[in-house]
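# Inside the fold
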Amino acid sequence: MGKKKSIISVFLFSIMIMMLMTSGSVPAAVVPDGFDPDANNDVYAIAVQADGKVLIGGRFTIVGLEARSNIARLNADGTLDTVFNPGANDWVKSIVVQADGKILVGGYFTTIGGEARKYIARLNANGTIDNTFTDPNPNDPLANGVESIVVQPDNKILIGGHFSKIGDEARSHIGRLNDDGTLDTGFVPAASDNPINAIVRHSDGKIVIGGEFTKIAGSGAWRYGIARLNSNGTLDTAFTASAASGDIVYSLALQDDGKVLMGGYLSNVNSEERNGIARLNSDGTLDSAFNPDADGNVMSFAIQADGKIVIGGSFTTIGGTERSNMARLSAEGTLDKGFNPNADMDVKVVAVQSDGKIIMGGSFGNVGGATRNCIARLVNSAHSDFNADGISDIIPRYTDTGRHNIWFMKSDGTRLSYKHLFTRLDRRIAGLGDFNTDGIADIIVRDSPAGKHAIWFMNADGTLSSSITIFTSPDWTIEGIGDFNDDGISDLLLRYPSTGRYIIWFMNADGTRASYTTVLTSLDWTVEGIGDFNADGIADLLLRYTSTGKHTIWFMNADGTRASYKNVFTSLEWTTEGIGDFNADGIADLVLRYTSTGRYVIWFMNADGTRASYKTVFTSLDWTMEGIGDFDADGIADLLLRYNATGQNTIWFMNADGTRRSYKTVFTSLDWTIEGY
């Protein structure tokens, strides 16, 4: 580890600004991964199965060059599940997977799986019709279709959409079915005067509905677009939320705290201006602090494990900031500036997988500059991800000549391909980051002896796109890279060694400096690492007091000032060897090493800077840790280790509990070293 620090201290200790989390999560650019099903028309519905397979519904006829009529199932890697092919004769708008693996499908179809089923059906796990589920037959003389399906804990099924009857019984746009598909005659909901597009259910059984209606039976007042029913279907008169006349609610989501997200063509909620999106408190009053301000239609929500809110729709700005049809919000409603997938057309549905990856469906043909037809999956770009596939890549250096190559890695730890970067003994890599928010790692190179530092903006094939000199000085060093103002652009932490002055350079996306601020000046304190230790999207600092070994987290504000601090531990025998998110909770964790024995321990951290738990990884004086990255795109940090005697470099793929899942030797050589960490 001493060798690495003398070459470039930033890498061994810098947070993986481009690592995921999840993301959640440590700030990272999001990019499409290799998941590319290639549907030929709109995708309206997505459901992720427990086995990782993905069900999609829409109005397509081809998926992955194979005929599929409006419904298909994908393998976890995005390839078509060739066994599953029910085929619906019209649009599929809603898909829900039951706990037993059976699949509820709603839409505008009248046949599915080769059998007559009007607007709702249930499939077995293999895609055949479940004949134990009778045809409920929601219908209307003018318009028919099921837009929303919710399965209750008792397995009864709420449906909403365009219908006035279920079978022969009057049910105006909402009804409830028994588990076998028959009508629940004991649930006679208050009638709405127009279609219902979305339904969510509170844990107490109350039901929030959103749609195109203006009145709900049982109310003498208008109920524009949103209302709540009691568990027996009667109108909850205490919940008086309402959009404006002419507004339409297309999407609803229920948060764990009982608050309700509503999206659609909105202009006003509860007599206050709200464009595209709003949030209600559990009693129906407006959450006045939540106002993202979309300039168009918000069609879908997905709530991440960390509380962040992914939204899709047809909009061009959020809060005045450009966002093309997809965005992510903090739990408070502020825009996540580092998340910008940039879909070229409508995003009609979003979903979050258990590993934190985000699946999006809609009308688009391009996401983040990559061709993706109507469905895509996003991953957070990993540290040293040079081709935006979510997998960390490596830069080996040949010691004798200074030759640097980029190795593009596969998720199994093998090399996909490589690209020669440069060969110079007087040029070294001084940092990696995403300086133009394209999801591709860029490189800071430093030329000796003058200390010329330049950003190399990279293409996804490992070639140089452009470069810019940022400063020339033999005295200033780059100590770390992180996003210190939550704008998605990597910023620099510089140090003047003779005085110990640390400065943050806030960067523009063209490689120029926007501003700077002095963080501290001290010869006694050193910055050991950078990470987002409280999951607020702003890089924080880990400092060490040299004489005592006291380690302290500085929680930072977006202007480069310290918000607060927390002492982590004090020891001259333990050193911080790396920082990464090892349990995909969006909070940076620590890798510590006990010097005399070579014991490596992961400290899983809480958002207040305290230790949640720890796990010993290994103990060895022969192996050292060369770096941290996400080498299999699962959102969990992995380790890159080196056996010093032989130069064997090995990736340890990690589980979220700090144990090793598997490993892969990358290469063995005493002549080549890895520079990208």
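In this text the structure is predicted, and so the values were computed from the model without any measurement. Each residue is numbered by its place in its chain's sequence as written, counting from 1. Where totals are concerned, whole chains, interfaces and linings use all residues; where local detail is concerned, this predicted model gives features only for residues with pLDDT of at least 70, and gives and counts side-chain atom pairs only at 80 or more. Think of the side-chain values as coming from all heavy atoms in the structure, minus any hydrogens and water.

### Topic: the overall build of the protein chain
For the purposes of this entry, the term helix denotes a DSSP run of H or I that reaches at least four residues, the term strand denotes a run of E that reaches at least two, and both are numbered from the N terminus. Along the backbone of the protein chain there are one helix and 59 strands. Here the radius of gyration uses the C-alpha set of atoms, whereas the globule reference equals 2.2 Å times the residue count to the power 0.38. At 27 Å, the protein chain has a C-alpha radius of gyration in line with the 26 Å of a compact globule built from 677 residues. Its C-alpha atoms give the protein chain principal-axis dimensions of roughly 85 × 50 × 45 Å. Exposed residues in this analysis have more than 50% of their type's maximum accessible area, buried residues have under 20%, and partly exposed residues fall in between, with area computed by a 1.4 Å probe over protein chains only. Buried positions account for 59% of the 677 residues belonging to the protein chain. Taking the 57 positively charged and 80 negatively charged side chains of the protein chain as two groups, their mean positions are separated by 4 Å. All tallies of charge rest on Lys and Arg as positive and Asp and Glu as negative; His and the ends of each chain are not included. By convention, the charge on Lys lies at NZ, on Arg at CZ, on Asp at CG and on Glu at CD.

### Thoughts on the packing of aromatic side chains
Aromatic ring pairs are reported here in terms of the distance separating the ring centres and the angle at which the planes meet. Aromatic pairing here means that ring centres of Phe, Tyr or Trp (its six-membered ring) are within 6.5 Å. Orientation follows from the plane angle: under 30 degrees is stacked, over 60 is edge-to-face, and everything else is tilted. Inspection of the entire model under this criterion finds 15 aromatic pairs. Their ring planes at 55 degrees and their centres at 5.1 Å tell us that W623 and Y643 sit as a pair that is tilted. With W623 in strand β55 (residues 623-629) and Y643 in strand β56 (residues 638-643), the pair connects residues that are 20 residues apart, well separated along the chain. Under the relative-accessibility criterion, W623 is labelled partly exposed at 21%.

### Regarding the pairing of strand β22 (residues 260-265)
Of all the six residues making up β22, five are buried; the element is thus mostly covered by neighbouring parts of the structure. By this definition, two strands are paired if DSSP reports at least two bridges between them. Between strand β21 (residues 248-254) and β22, which pair antiparallel and follow one another directly, the connecting turn spans five residues, one of which, G258, has a positive phi of 90 degrees. Here β22 runs beside strand β25 (residues 277-280); their pairing, made up of four bridges, is antiparallel. Within β25, the position partnered with M262 by the bridge is A278.

### Focus: the sheet that holds strand β42 (residues 464-472)
Two strands in a sheet stick together by hydrogen bonds in their backbones, pointing the same way (parallel) or opposite ways (antiparallel). Spatially, the four strands line up as an open sheet ordered β39-β40-β41-β42, and their pairing is antiparallel. The two strands at the open ends of the sheet, each matched to only one other strand, are β39 (427-433) and β42. Strand-to-strand twist in this sheet, taken as the mean axis angle between neighbours without regard to direction, amounts to 25 degrees. The pairing of β39 with strand β40 (residues 442-447) spans six bridges and is antiparallel. The residue bridging G431 from the neighbouring strand is I444, located in β40. Helix axes are fitted only over the stretch in contact, all axes being lines through C-alpha atoms; the angle between N-to-C directions runs from 0 to 180 degrees.

### Topic: the pattern of salt bridges
Salt bridges, as used here, are contacts in which a Lys or Arg side-chain nitrogen is within 4 Å of a carboxyl oxygen on Asp or Glu. This structure, assessed with the given rule, holds 24 salt bridges. In this structure, R328 engages D336 in a salt bridge whose closest nitrogen and oxygen atoms are separated by 2.8 Å. Owing to a relative accessible area of 7%, D336 belongs among the buried residues under this scheme. Here R424 and D426 are joined by a salt bridge, their closest N and O atoms 2.8 Å apart. The partly exposed category is assigned to D426, whose relative accessible area is 31%. The structure contains a network of salt bridges with shared partners spanning K102, R122, D130 and D179.

### Structural notes on the sheet that holds strand β17 (residues 174-177)
Within the open sheet, the three strands sit side by side as β13-β14-β17. Their pairing is antiparallel. At either margin of the open sheet sits one strand with a lone partner, and together these are β13 (145-151) and β17. With strand direction ignored, the average angle separating the axes of adjacent strands in the sheet is 25 degrees. Relative to β17, strand β14 (residues 157-162) is paired through four bridges, and the arrangement is antiparallel. By the bridge assignment, I159 is partnered in β17 with G175.

### Some details on the nonpolar core
With 18 residues, the main nonpolar core has F386, I395, I406, L421, I443, W456 and M458 as its most contacted residues. Mapped by element, the contributors of at least two residues to this core are β37 (403-409), β38 (415-423), β39, β40 and β41 (452-458). With three residues, β41 is the largest single contributor of residues to this core. Dropping the residues within four chain positions of it, W456 is found in contact with L421, F422, R427, D442, I443, V445, L464, S466 and S467. As used in this record, nonpolar core signifies buried Ala, Val, Leu, Ile, Met, Phe, Trp, Tyr and Cys residues forming a set joined through side-chain atoms within 4.5 Å. Contacts are assigned to residue pairs with any non-hydrogen atoms lying within 4.5 Å of each other.

### Topic: the environment of S69
Inspection of the secondary structure assignment puts S69 in the loop between β5 (66-67) and β6 (71-74). Between the alpha carbons of S69 and W407 there is a distance of 41 Å; along the sequence they are 338 residues apart. Apart from residues no more than four positions distant in its own chain, S69 is found in contact with F60, G87 and A88. Between N or O atoms, a polar contact is any pair within 3.5 Å; within protein, one atom must be a potential hydrogen donor and the other a potential acceptor, and residues adjacent in sequence are included only when both atoms are from side chains. A polar atom in the side chain of S69 sits 3.4 Å from the side chain of N70.

### Points about the side chain of D336
Within the element layout of this structure, D336 appears in the loop between β30 (326-329) and β31 (347-352). With residues near it in sequence (within four places) discarded, D336 still touches K308, R323, R328, L329 and D486.

### Quick notes on the layout of surface pockets
Whether a set of points on the 1 Å grid over the protein atoms alone is a cavity depends on a 1.4 Å probe fitting there but being unable to get out, while an open set qualifies as a pocket with protein on both sides within 12 Å along at least five of seven lines; lining residues are those with an atom within 4 Å of a point. Grid points are joined across faces, edges and corners, and a volume is the space filled by probe spheres set on the points. Empty space within the largest pocket amounts to approximately 1,500 Å³. If you trace the largest pocket, you find 38 residues lining it, with I46, L252, S300, F301 and V349 closest to the centre. Mapped by element, the contributors of at least two residues to the lining of the largest pocket are β2 (43-48), β7 (92-97), β13, β18 (196-201), β21, β26 (297-303) and β31. A total of six residues in the lining of the largest pocket trace back to one element, the largest contributor, which is β26. When residues are grouped by polarity, Ala, Val, Leu, Ile, Met, Phe, Trp, Tyr, Cys and Pro land in nonpolar, Asp, Glu, Lys and Arg in charged, and all others, Gly among them, in polar. Of the residues belonging to the lining of the largest pocket, the class tally is 27 nonpolar, six polar and five charged.

### Topic: the side chain of E147
Here E147 shows up in strand β13. Engagement of the side chain of E147 in a polar contact is seen with the side chain of K93, the distance being 2.9 Å. Leave out the neighbours within four places in its chain, and E147 touches K93, S94, Y108, G160, G161, H162, I196 and N197.

### What to know about the environment of S94
Relative to the helices and strands, S94 is located in strand β7. Taking the C-alpha atoms as reference, S94 lies 6.6 Å from I149; in sequence the two are 55 residues apart. Excluding residues within four positions of it along the chain, S94 makes contact with A45, L104, V105, G106, E147, S148 and I149.

### Describing the pairing of β14
The buried fraction of β14 amounts to six of the six residues, a majority that puts the element mostly inside the structure. When β13 meets β14, the two strands line up antiparallel, connected through six bridges. Considered in β14, the bridge of I149 is made with I159. A loop of five residues connects β13 with β14, the two strands running antiparallel in sequence, and N155 in this loop sits at a positive phi of about 75 degrees.

### Focus: the confidence of the model for the protein chain
The quantity known as pLDDT measures the predictor's confidence residue by residue, on a range of 0 to 100. In this model, the protein chain carries an average pLDDT of 92, and 95% of its residues clear a pLDDT of 70 or more. Counted against residues more than four places away or in other chains, residues 1-27, with its pLDDT under 50, gives 125 contacts.

### Some thoughts on unusual backbone geometry
For the peptide bond that leads from S448 to P449, omega is 0 degrees, which places it in the cis range. With respect to the secondary-structure elements, P449 resides in the loop between β40 and β41. Unusually for a residue other than glycine, A388 sits at a positive phi of about 55 degrees. For A388, the location among the structural elements is in the loop between β35 (375-380) and β36 (396-398). Accessibility expressed as a relative area gives 15% for A388, which makes it buried.

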